[in-house]
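Architecture at a glance
What follows is each chain in one-letter form.
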Amino acid sequence: MAKTTLKRLLAKAEVAALVREMCPQDAQVCVCDQDGKPLFGDPAVVESGHTVPLTEGNRIIATIKGGDRCETVATLLQYLVNTELERLALGRDTVEKYREIFRSYNLGTKLGSCLDTKEVAGIVTGEIRNLMGADVVAVLLCDDAGDITEIFADSGDRAEHLTMLPMAIREKTVGYLCVGNRKKTEHLAKDLKLLTTLARQAAKAFEKSQVYSRLKESFYSMVLALAETIEKRDTYTSDHTRRVVEYSLAIARRLGLPADMHTRLEMAAALHDIGKLGVREEVLMKPGPLNSEELAHMKMHSKFGEDILMHITALKDVIPGVKFHHERCDGCGYPDGLKGDKIDITARIISVADAFDAMTSDRPYRKALSLKAAFSELMKHSGTQFDPAVVKAFLSRPVQEKLGIGGHTVRRTGLQA
Ligand SMILES: [Fe+2]
């Protein structure tokens, strides 16, 4: 490096001119690298005289031979070499600083809109693994008492040499970052500095996701309390809402719907009949069949659901699942007579889950169907009332096993195989 630096310096016209100016004809000077190769001047015409070394730290990088001007030229070149090296080091520091800022910014951008703790952990472990060249990265999250509550690790290999760093924000430790390597790895100061910066970014993201998660839980409890109010006012068997939510989520997972849609579906399934709050008591509680006016009023519940939810900003995207859960694939449903995939997927899923639970539950005016009969009904109306893909997913073995209703397994009182 120093050799290159010196060579580069001497190649500059202004430096060469300066050295030449300092060495008139009668005071010839020659600069050779440590292998004796000339970098400036001709050693053949330089008479023996002084030899002055040029150094970088403790290392000799060149020698200057010649007459009385040797010392002067050596002082000049040494000064130029030192200055150039300092400038390069400063440049490297600046580049490193920018790189660190960029990496930190990059991680911050990726984490910016992420509110799910598992997703945050995935981004943090993946990014740090790449940046640090680690074999494995793990995130350990703490509760307020400082006890480890969750551990997320990327799919890296086993590692024996670990570096652990706290993730802290406003003097509160939210967890630890663990970076491991199979072989003993010297982490340079700059690596640890970068890791500290990333740990700070990660701490912010985890704190945000945990606050969001608590908010979501409280909000969901509120939604469930609301759903319970509907159950109490209706002729449902208890736990209808919970089962519709459970069936809906199992179908969504089988269909491979994205995770953000699961939340929307869960809320919509819990609130699918919230509009019944607007249905007249005598119609809602009537034990026998409804007359045409009563039926028309009852059908209004999906529209009433929309009217109620549109006033709650956080539940706006839940409206399609609630409003359209009585639409049919053949367009003969209500309230809008939508067809096929014009009906929101959450509504198509809730429709199957709701119908199955209604069929397999006792009602004041009829007994529950057997599981076999209920499955047959779903298949019979697949493609007309129900979305065939949703029915297929619900009747699939994994979903049935997951829900414990496949293979004629009786899961709750009142169901017959
Ligand atoms: Fe309904």
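Residues numbered from 1 in each chain as written. Predicted model: local features only at pLDDT ≥ 70, side-chain atom pairs only at ≥ 80, totals over all residues.

**Remarks on unusual backbone geometry**
What counts here: Working definition: helices are DSSP H or I runs of at least four residues, strands are E runs of at least two. Numbering for both runs from the N terminus. The burial label depends on the number of other C-beta atoms within 10 Å of a residue's C-beta. Counts of 20 or more mean buried, 12 or fewer mean exposed, and intermediate counts mean partly exposed, with C-beta atoms placed from the backbone.
Residue Tyr334 is joined to Pro335 through a cis peptide bond whose omega torsion reads 10°. With a phi angle near 45°, Arg170 is a residue other than glycine that sits in the positive phi range. Of note, Arg170 is situated in the loop between strand 7 (161-169) and strand 8 (172-181). For Arg170, a count of 8 C-beta atoms within 10 Å translates into the label exposed. A positive phi angle, close to 65°, is found at Glu171, a residue other than glycine.

**A short note on the environment of Gly57**
Summarising the element assignment, Gly57 is placed in the loop between strand 3 (50-56) and strand 4 (59-66). Separated by 25 residues in the primary sequence, Gly57 and Asn82 have C-alpha atoms spaced 9.4 Å apart.

**Comments concerning the nonpolar core**
To be explicit about the condition: For this analysis, nonpolar core means a set of buried Ala, Val, Leu, Ile, Met, Phe, Trp, Tyr and Cys residues linked through C-beta atoms within 7 Å. This entry defines residue contacts through backbone-placed C-beta atoms, with two residues in contact when those atoms are within 7 Å.
Ranked by internal contacts, the top residues of the largest apolar core, which has 44 residues, are Ile251, Leu271, Ile349, Val352 and Ala353. When contributions to this core are tallied by element, the ones reaching two or more residues are helix 5 (189-233), helix 6 (240-255), helix 7 (259-270), helix 11 (319-323), helix 12 (345-359), helix 13 (371-380) and helix 14 (388-395). By residue number, the principal contributor to this core is helix 12, which donates eight residues. What Ala353 contacts, discounting residues up to four positions off in sequence, is Val244, Tyr247, Ser248, Ile251 and Ala269. Residues Val120, Ala134, Leu177 and Leu198 belong to the second largest nonpolar core, which totals 26 residues.

**Some remarks on helix 10 (residues 301-309)**
Residues that lie three or four places apart on an α-helix share one face, since the helix turns once every 3.6 residues. Rules: Our arc is simply the arc of the directions from the helix axis toward the C-beta atoms.
Where helix 10 is concerned, the buried positions are His301, Ser302, Phe304, Gly305 and Leu309. Buried residues of helix 10 fall within an arc of 155° about the axis and therefore sit on the same side. Each element contacted by the buried residues of helix 10 is listed here: helix 9 (292-299) and helix 11.

**Let's talk about the sheet that holds strand 8**
Stated formally: Only strands joined by at least two bridges in the DSSP assignment are considered to pair. Interaxial angles span 0 to 180 degrees and are taken between N-to-C directions of axes, which are lines fitted to C-alpha atoms, for helices over the stretch in contact.
Strands sit in the order 6-5-8-7 across an open sheet of four strands; the sheet is antiparallel. Each edge of the sheet is formed by a strand with only one pairing partner; in this case those strands are strand 6 (148-153) and strand 7. With strand direction ignored, the average angle separating the axes of adjacent strands in the sheet is 20°. In terms of strand pairing, strand 5 (residues 136-142) meets strand 6 through five bridges, oriented antiparallel. Each residue of the ladder has a partner; that of Leu141, found in strand 6, is Glu150.

**Quick notes on the environment of Ile230**
If you trace the backbone, Ile230 turns up in helix 5. Separated by 47 residues in the primary sequence, Ile230 and Leu277 have C-alpha atoms spaced 6.6 Å apart. Setting aside chain neighbours within four positions, we find Ile230 in contact with Asp273, Ile274, Lys276 and Leu277.

**A closer look at the pairing of strand 4**
The sheet contact formed by strand 1 (residues 29-33) and strand 4 spans five bridges and is antiparallel. Counterpart to Val31 in the pairing with strand 4 is Ile64. Strand direction decides the pairing type here: strand 3 and strand 4, joined by seven bridges, are antiparallel. Its bridge partner being in strand 4, Pro53 is matched across the sheet by Thr63. Between the antiparallel neighbours strand 3 and strand 4 lie two residues, among them Gly57 with a positive phi of about 65°.

**Remarks on the sheet that holds strand 1**
The strand order across the open sheet built from four strands is 2-1-4-3, with neighbouring strands paired in antiparallel fashion. What marks the edges here is a single partner per strand, and that holds for strand 2 (38-40) and strand 3. On average, adjacent strands in this sheet sit at an angle of 35° to one another, irrespective of strand direction. The pairing of strand 1 with strand 2 spans two bridges and is classified as antiparallel. Residue pairing for strand 2: Val31 is matched across the bridge by Phe40.

**Things to note about helix 14**
What helix 14 keeps buried is the set Val390, Val391, Ala393 and Phe394. Viewed along the axis of helix 14, the buried residues span an arc of 160°, placing them on a single side of the element. Among the structural elements, helix 6, helix 12, helix 13 and helix 15 (397-403) are those in contact with the buried residues of helix 14.

**Thoughts on the packing of helix 6 against helix 12**
Stated precisely, the cut-off is as follows: Here roughly perpendicular refers to angles of 65 to 115 degrees, roughly parallel to angles under 35, roughly antiparallel to angles over 145, and oblique to all remaining angles. Working rule for handedness: look at the near helix, and if it is turned counterclockwise from the far one by less than a right angle, call the crossing left-handed; if clockwise, right-handed. Under the scheme applied, nonpolar residues are Ala, Val, Leu, Ile, Met, Phe, Trp, Tyr, Cys and Pro; charged residues are Asp, Glu, Lys and Arg; polar residues are all the others, including Gly.
Between helix 6 and helix 12, the least distance of the axes is 9 Å, while the angle of their chain directions is 135°. The angle between the axes of helix 6 and helix 12 places the two elements in the oblique class. In this structure, helix 6 meets helix 12 at a crossing whose hand is right-handed. Residues His240, Arg243, Val244, Tyr247, Ser248, Ile251 and Ala252 of helix 6 lie in contact with helix 12, whose contacting residues are Ile349, Ile350, Val352, Ala353, Asp354, Phe356 and Asp357. Here the contact of helix 6 with helix 12 is composed, by residue class, of nine nonpolar, two polar and three charged.

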